[in-house]
Amino acid sequence: MDAEAIRSERDSGTPLIELIGITKRCPGVLANDDITLTVERGEVHCLLGENGAGKSTLISILSGMTVPDAGMIRIGGTETSMDSPRHALDLGIGTVYQHATLVPTLTVLENLILGNTTGVRLNEAEGLRRLDELASILGADVDPNAVAGNLALDEQQVIEIIKALWKGKAALILDEPTSMLTPAGVGELANMLQRLKGTGLGIVFITHMLHEAIEMGDRVTVLRQGRVVGTIAPAELRSTDPERLRERIVEIMFGEEANELSDVAELHVEASGSTSPDEPDSGGSSDGQGQPAGEPILKLERVSLEPSQSSHGLHEVDLTIAEGEILGVAGVGGNGQKELAEVLAGQRPIDSGSISLRHNGAFIQIGRLGVHSRHEMGLRYLSDDRRGEAVVGTMSVAINLVLKRIGKPPFWKRQIIQHAEVWQHAEAVIKEFDIRTPGPDTNIGKLSGGNIQKAILARETASDPRIVVYNKPTHGLDIRTSLAVRERIRQMAADGVSAVVISNHLEELLDLCGRIAVVSKGRIVGIVENGPNAERRIGDLMVGAFAL
Amino acid sequence: MKPTDTKPPEMTDEHTVVSDGLAGGLSNAEDTPGISLGSSRMEKIRRSMLLTILPLVAAMVVGGLFLFALGRDPLAFYATMIHRAIISPSGLQETLIRMAPLLLISAGLIVAFSAGIWNLGGDGQFMLGAALVGGLAASSAEVMPRGLMLVLMLLIAGTLGAVWTIIPAVMKARYGINEIITTLMMSFIGVNLASLLVKVMFLDDRPGIQTPRTPVLDVADRLPTLFGTRVHSGVIIGVVAVVGVHLLMTRTSLGLRLKVLGANVKAAHHAGLGVSQLTIATFLLSGMFMGLAGGVEVLGVQGFVRADWNPSFGLVAVPLVFLARMNGWVTIAFVFLLSVLSIGGELATRDAGLPNQFGLLIVALVLLFMTVAEYFESRRLRGERTVWATMAVRFLSRGDAAGE
Amino acid sequence: MSEALITALLVGAIAASVPLMLAGLGELISERAGVLNVGLEGMMLMGAYGGFVVALATGSTWMGFVGGAVAGGLVSLVMVVLCVRWGLDQIVVGIGILLGAEGLTSLLHAAQFANTYPRLGKAAAPSIPWFSDIPVVGRVVFGEPYMVYVTLIAVFVAGWVLRKTPWGLAIRATGESPEAVDAAGVNVVLVRSLATLSAGVLAGLGGAYLSLVSSGNFIPLMTGGRGFMALVLAMLARGRPIWLALGALLFGFATALTTALQIFGIDIRPEIVNSLPFVVVLVVLTLFGRDDYLPSSLALPYVRGER
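Keep in mind that what you see is a predicted model, and the values were worked out from it rather than measured.

**A few points about the overall build of chain A**
Right, on to step 1. Within chain A one finds 20 helices and 22 strands.
Right, on to step 2. Across the 548 residues of chain A, 49% fall into the buried class.

Rendered as structure tokens:
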């Protein structure tokens, strides 16, 4: 059965995609446990769930990247093995993956016609025709000869969607497509999906954002721990009031834990209230004590980085962070957050401007100092690229815990490693931070993201931290670990350790920070005091800046 | 069903280690230095024996088939080989002598590979060290005491080898230019320059010498021999070098820095390890050992350098060190094995009337079989079917799409 | 300079560059697909030997080239299985292949020809009335062995295939981002296997040129480092066959120049002339080159879902 046929069989009554009893076991976890769901034509089916709920595994299965251990896949009523991406594409199922799948060195057109291996010559004319057709359905303006790697992230996202539609004549699967988009971009995407839906396409939309599911979905399926724990049918979705729906979905997503989590949240409010009643500058409470009343500890003045092909650079960034302050950095991903973090950490030399840190009572210029010296002075950095950058996956937990103190006593004496010291330190840290590992000698790459993050947190906050830069500190972590990490940031702030928190989750910043800086295209477009209207103002800044 | 899909896909929510290009292709599979559990030691030894002996036997069987096809008696051939290389005292001495340059080269490669740097220009570095020593040793011996001369010559050889890596080192550190291209190019130039040195600058121009070569260093002035045998002290230098490098890599802070660089360049940056300096230091250290190997070979064995001489030790040692996983002790064992194969091979082929390159064939087979054995072992450890089932599935399933 | 000398120089340059061009072209293709083929020299040797044996048996140079291509291709199958399918280290396997080919060809040569040393006749070249009689040009342009023309055509065909065909596109994409290629429904293993295989075939042809045309016989280790030279040329060519061909010609010219100058009485050391192109390249790279344009997934095995 070919893709056109699958899509056009509207009236036969068979669903477009049926997954029946899909089970997939990954080492240590049951990623998908007996999942059954259907996707209808002309419908947006939202898959909702936390990280680790099994969404991504389900996507790999639907796109042919992974073959399930058990269960049946029926496309247009016919059972299929779906054992390669090619097979899925041939059945008309196109996927927009979470990670970029454009070849950066090829042009847009080349990226799109890659995979059509029929014929001797590349059929560019046919490609252009199809590109026009799809671009007009989406309402997008696309330059076919632009080199993919030079496009902005949101432009690349559009190309990814066109690429998925190229062969995906029956169904389109989108894996967290909004994580890199501006609010305006999200709206644009919603419009595109509406139009595509109208052509009879079945759409699977994966997200962990509740409101997106409620706004865009015709049907919502909630996953938890690899299982389907609830489905909301189109009728219910249309008839229920959004606030009510939200509550209902939260209940499904977290089950009994939902109550437990609210307990935790309340607990921490009490805790921060009691430990720092007369320290309004701690900025720790969620109702946002705005003013950084402590002494300034770090100053950035007109810090700039030249833009490059892959980055907006930084433009005359001015920032002052006070002792014990938690400063948030909000913005759409890829607008200079990473650059700012690396400039602070000393991983990137700045092109102009100055960075100064208060050290032993006086401000000293640190713009030219390397990572090592800044670390020694108490300026720490938790990278968002946990596995790729923050740790050496093929080395032990113990070694990774002292990675930034190589050659230093007590772990090294006369540059010779003291295994006993390293080991004891690791054991102590593992206990204190509750790092779940078989032992200090286990390669850190084998641990889960949350445990790796705990280890990094332990390393960066050890021995006299004074200001810590957190880049997406809770990204991809489960709720419990996320809360633990936030709690740690808050506690340290109460002890006078400043923090710069970069996050894609506004909710997180509103929970933690006193002030929130909004970045766009490498500039700070505004700093918002946390308060009742903060969320709207930050959103305005992000969108407004986007319109520039 | 793809046996390779072992990674929980949810973990891809975060970026997994993405190594960039060639530099990342070389990873330290060896576990972290030091911290290891004593209990698994026996299992480790047993496994490494299996990973070495089995491929060796397989290679000899395949080699034996060739011998048989050529009308030679494989058993007799191997018997001669082993006898000549290990059992007969003179053969054993030859084997040990052959180890000296290979050990030093391996030491240089261990440093480079641990830091993720493919120094494939060992031949040029080796030949330059050799040529300069070959040219200077004899005349220096006339004006200074032997001990001083030897030390000076080794210093010169090591320095020249290191100097020859400066260009690739700087290009890698500053511009990120791939070192495979640059070291290979420098190696071509180095080998040519060495030959030029021998032919022009250091030519022994007494009449009656057919192939151009440097003056001969008197046997009495060469590296001291050990315990009345012909085995020279270069072997000791080689062993010390490999053990020293091993300790450097496993015990010291510099070693760990290099290993971090080799395992994950981004992490090295992140940890503030001074990537450029470490890269350059690695090249210099690696080149020094290569040059030293050339010097030792001339001072210990050859006594002079002929213009057409180039033993190409550098390349053979590459897979060897890689298979030893940059472990010094394993490297010494492998170097011994390689020396046995090449010395035994050379002598046995001479007896059998075959070209001595036959030894290369055996070495190549051992290397390839060891690589394959390693592959199956790592799959077995990951719990992905048994060796033969995997093999059968692989062949039958046409490597299903891009499964691997 | 005399006409004869100029002719000799140009003919010599072309003759010396053809093996580099063929092998380098193969390497270039496989590198664009992300496979670094360090065993190129070994594949050339096998091609030289295979070509020689077949040509000797059949009496046909063309059959000899077929034999060389098959021999080179067979060796590259080792690479296909071990490196492309199983993802083993390309450099280690490449060196293994090199050593094995050196041993095997020497052994077979000794067993078959050690006492006879047979030679082949001169390779055929076209003789076109009038054109072939033009001074210098007649010999250099119209009187080359047929394989020279085949090689030049191959360079242009490869350039066209890489730029204009679906397979070329797939090859270029695979070297950069195999996961993207996989997601686009193209079989990464197949693309890489074919690219590696073509490297073997082309290197085999290059080796066969040495034994069939250049020397007319097989000598153990006769490739003398040309495989590595071709490897470097391919890496420097930034993925463009035409640049590779020009680079190979430059080297051929340097080799020919040495011989020609010696005939002319100027005693310039071959070592200097042979190194000169590399010295120039290094100087240029140091002064201007800040990158080396290698495919970003070169030498990295691809395993679905692991990156």
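**Regarding the environment of A:Pro144**
Residue and element names in this part refer to chain A.
Right, on to step 1. Within the element layout of this structure, Pro144 appears in the loop between helix 5 (124-138) and helix 6 (153-167).
Right, on to step 2. Distance in space between the C-alpha atoms of Pro144 and Glu110 is 8.3 Å, their sequence separation being 34 residues.
Right, on to step 3. Beyond its immediate chain neighbours, meaning those up to four positions away, Pro144 contacts Thr107, Val108, Leu109, Leu128 and Leu131.

**Re the interface of chain C and chain A**
Right, on to step 1. The interface of chain C with chain A comprises 21 residues on the first partner and 22 residues on the second.
Right, on to step 2. In terms of residue count, the dominant contributor to the side of chain C that touches chain A is helix 7 (residues 166-176) of chain C (seven residues).
Right, on to step 3. Across the side of chain C that touches chain A, the residue classes tally to ten nonpolar, five polar and six charged.

**Re the pairing of strand 15 (residues 362-365) of chain A**
Residue and element names in this part refer to chain A.
Right, on to step 1. As paired elements, strand 14 (residues 352-359) and strand 15 share four bridges and run antiparallel to each other. Bridging from a neighbouring strand, Ser356 pairs with Gln365 of strand 15.
Right, on to step 2. What sits between the antiparallel neighbours strand 14 and strand 15 is a turn of two residues, in which Asn360 has the positive phi angle 50°.

**Section: the domain arrangement of chain A**
Residues and elements named next belong to chain A.
Right, on to step 1. Domain boundaries in chain A define domain 1 (3-255), domain 2 (279-378 + 465-548) and domain 3 (385-463).
Right, on to step 2. At the junction of the two partners, domain 2 supplies ten residues and domain 3 supplies seven residues.
Right, on to step 3. Ranked by residues supplied to the side of domain 2 that touches domain 3, first place goes to helix 18 (residues 479-494) with four residues.
Right, on to step 4. Considered class by class, the residues forming the side of domain 2 that touches domain 3 number five nonpolar, three polar and two charged.

**What to know about the nonpolar core**
Right, on to step 1. In terms of nonpolar packing, the biggest core is built from 384 residues, with A:Val501 and B:Leu104 touching the most fellow members.
Right, on to step 2. Top contributing element to this core by residue count: helix 9 (residues 188-214) of chain C, with 15 residues.
Right, on to step 3. Every residue in contact with A:Val501, bar those within four places of it in the chain, is listed here: A:Ile326, A:Gly328, A:Val329, A:Tyr470, A:Pro473, A:Ile489, A:Leu509, A:Leu512 and A:Cys513.

**Describing the sheet that holds strand 12 (residues 314-322) of chain A**
Residues and elements named next belong to chain A.
Right, on to step 1. Read from one edge to the other, the open sheet built from four strands follows the order 12-11-14-15, with strand pairing classed as antiparallel. The open sheet is flanked by strand 12 and strand 15, the only strands paired with a single partner. Strand-to-strand twist in this sheet, taken as the mean axis angle between neighbours without regard to direction, amounts to 20°.
Right, on to step 2. When strand 11 (residues 296-305) meets strand 12, the two strands line up antiparallel, connected through six bridges. Bridge pairing in strand 12 places Lys299 opposite Thr320.
Right, on to step 3. Here helix 12 (residues 337-345) sits on the sheet and contacts strand 11 and strand 12; the angle it forms with strand 12, its principal contact strand, is near 60°.

**Thoughts on the packing of helix 6 (residues 146-164) of chain C against helix 7 of chain C**
Residue and element names in this part refer to chain C.
Right, on to step 1. Contact geometry for helix 6 and helix 7: axes closest at 5 Å, N-to-C directions at 80°. Classified by the angle their axes make, helix 6 and helix 7 are roughly perpendicular. Of helix 7, the residues touching helix 6 (which contributes Val161, Leu162, Arg163 and Lys164) are Trp167, Gly168, Ile171 and Arg172.
Right, on to step 2. Across the contact of helix 6 with helix 7, the residue classes tally to four nonpolar, one polar and three charged.

**So, the sheet that holds strand 5 (residues 78-80) of chain A**
Residues and elements named next belong to chain A.
Right, on to step 1. Strands sit in the order 2-1-4-5 across an open sheet of four strands; the sheet is antiparallel. With one partner strand each, in any of the chains shown, strand 2 (29-39) and strand 5 form the two edges of the open sheet. Put simply, the sheet's adjacent strands are angled 30° from each other on average, direction ignored.
Right, on to step 2. Pairing analysis gives three bridges linking strand 4 (residues 70-75) to strand 5, with the strands arranged antiparallel. Bridge pairing in strand 5 links Ile73 to Thr80.
Right, on to step 3. Together, strand 1 (17-26) and strand 2 form the strand contacts of helix 2 (residues 55-62), whose direction differs from that of strand 2 by roughly 60°.

**Focus: the packing of helix 8 (residues 179-201) of chain B against helix 10 (residues 226-236) of chain C**
Right, on to step 1. At their nearest, the axes of helix 8 of chain B and helix 10 of chain C sit 10 Å apart, and the two run at 135° to each other. Here helix 8 of chain B is positioned oblique relative to helix 10 of chain C, judged by the angle of their axes. Here the hand of the crossing between helix 8 of chain B and helix 10 of chain C comes out left-handed. Between helix 8 of chain B and helix 10 of chain C, the residues in contact are B:Ile181, B:Leu184 and B:Met185 and C:Phe228, C:Leu231, C:Val232, C:Met235 and C:Leu236, respectively.
Right, on to step 2. Counted by class, the contact of helix 8 of chain B with helix 10 of chain C contains eight nonpolar, no polar and no charged residues.

**Quick look at helix 5 (residues 122-143) of chain B**
Residues and elements named next belong to chain B.
Right, on to step 1. Here helix 5 is 22 residues long and its end C-alpha atoms lie 31 Å apart, about the 32 Å a rise of 1.5 Å per residue gives.
Right, on to step 2. Along helix 5, the sharpest kink reaches roughly 40°, centred on Ala137.
Right, on to step 3. Of all 22 residues that make up helix 5, 18 are buried, and the element is covered over most of its length.

What counts as what
- Residues numbered from 1 in each chain as written.
- Chains lettered and ligands numbered in written order.
- Predicted model: local features only at pLDDT ≥ 70, side-chain atom pairs only at ≥ 80, totals over all residues.
- Helix = DSSP H or I, 4+ residues; strand = E, 2+ residues; numbered from the N terminus.
- Buried ≥ 20, exposed ≤ 12 C-beta atoms within 10 Å, placed from the backbone.
- Contact = placed C-beta atoms within 7 Å.
- Nonpolar A, V, L, I, M, F, W, Y, C, P; charged D, E, K, R; others polar.
- Pairing = 2+ DSSP bridges.
- Domains from an automatic or database assignment.
- Core = buried A, V, L, I, M, F, W, Y, C linked by C-beta atoms within 7 Å.
- Axes fitted to C-alpha atoms, helices over the stretch in contact; angles between N-to-C directions.
- Parallel < 35°, antiparallel > 145°, perpendicular 65-115°, else oblique.
- Left-handed = near helix turned anticlockwise from the far one by under 90°.
- Expected span 1.5 Å × (residues − 1).
- Bend = angle between axes of the 7 residues up to and from the residue.

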